[in-house]
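Residue-level structural notes
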Amino acid sequence: HAVQYSFEPDYGWRRLREEHPGKYESSIDPAPDPNEWVHLRIEISEKSVQLYVNDIADVVLEVERLSKGATGQIGLWVGPGTEADFANVIATP
């Protein structure tokens, strides 16, 4: 479960995993080195979300967008007890 999509509070990861096993989460192959920077590109359209990782050409996760509003906000989250740094975050309309 390396990457997951959720839409809090209505569609948390636990609910999505129980109601739609494997649909809103994915592994990453090859797995990134946990001691190196992981480069993400997230493409959000009106109906879907696509996630690309490092130099992997294929989409790592593609899901139906659960948020119907267009607020222009995104959230990046890491699990409890996990340390993470974010750098060079760019949002382009």
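Residues numbered from 1 in each chain as written. Predicted model: local features only at pLDDT ≥ 70, side-chain atom pairs only at ≥ 80, totals over all residues. Heavy atoms only, no water.

Some remarks on the overall build of the protein
In terms of helices and strands, the protein carries 1 helix and 5 strands. Each helix and strand of the protein, placed in order from N terminus to C terminus, yields the pattern β-α-β-β-β-β. Taking 93 residues into account, the globule formula puts the C-alpha radius of gyration at 12 Å, and the protein, at 13 Å, falls close to it. Once the C-alpha set of the protein is aligned to its principal axes, its extents read approximately 35 × 30 × 25 Å. Classification of the 93 residues of the protein by burial places 22% in the buried group. Relative to all contacts within the protein whose residues are 6 or more apart in sequence, the contacts with residues 24 or more apart total 41%. Here the protein displays about 7,600 Å² of accessible surface, and carbon together with sulfur accounts for 49% of that area. Of the charged side chains in the protein, 8 are positive and 16 negative; the average position of the first set lies 10 Å away from that of the second. (Helix = DSSP H or I, 4+ residues; strand = E, 2+ residues; numbered from the N terminus. Rg over C-alpha atoms; globule rule 2.2 N^0.38 Å. Buried < 20%, exposed > 50% of the residue type's maximum accessible area, 1.4 Å probe, protein only. Contact = heavy atoms within 4.5 Å. Areas by Shrake-Rupley, 256 points an atom, 1.4 Å probe, with all protein chains shown as cover. Lys, Arg positive; Asp, Glu negative; His and termini not counted. Charge placed at Lys NZ, Arg CZ, Asp CG, Glu CD.)

Observations concerning the packing of aromatic side chains
Enumeration over the complete set of coordinates arrives at 1 aromatic pair. Seen from their ring centres, Tyr-5 and Tyr-24 are 6.0 Å apart, and the 25 degrees between their planes marks the pair as stacked. In this pair, Tyr-5 sits in the loop between strand 1 (3–4) and helix 1 (13–19) while Tyr-24 sits in the loop between helix 1 and strand 2 (25–26), placing the two residues 19 residues apart along the sequence. Judged on exposure class, the residue Tyr-5 and its partner Tyr-24 are both buried. (Phe/Tyr/Trp six-rings, centres within 6.5 Å; stacked < 30°, edge-to-face > 60°.)

Describing the pairing of strand 5 (residues 61–64)
Side chains of strand 5 alternate between two faces, with Leu-61 and Val-63 buried and Glu-62 and Glu-64 left unburied. Bridge analysis of strand 4 (residues 48–53) against strand 5 gives 4 bridges, and the strand direction is antiparallel. Following the sheet pairing, Leu-51 is matched in strand 5 by Leu-61. (Pairing = 2+ DSSP bridges.)

Observations concerning the side chain of Arg-65
Within the secondary structure, Arg-65 sits in the segment after strand 5. Although Arg-65 lies buried, it forms no salt bridge, and the closest oppositely charged side chain, Glu-46, sits 7.3 Å away as judged by the N-O distance. Within polar-contact distance, the side chain of Arg-65 engages the backbone oxygen of Ser-45 at 3.1 Å. (Salt bridge = Lys/Arg side-chain N within 4 Å of Asp/Glu carboxyl O. Polar contact = N/O pair within 3.5 Å; in protein donor to acceptor, adjacent residues only side chain to side chain.)

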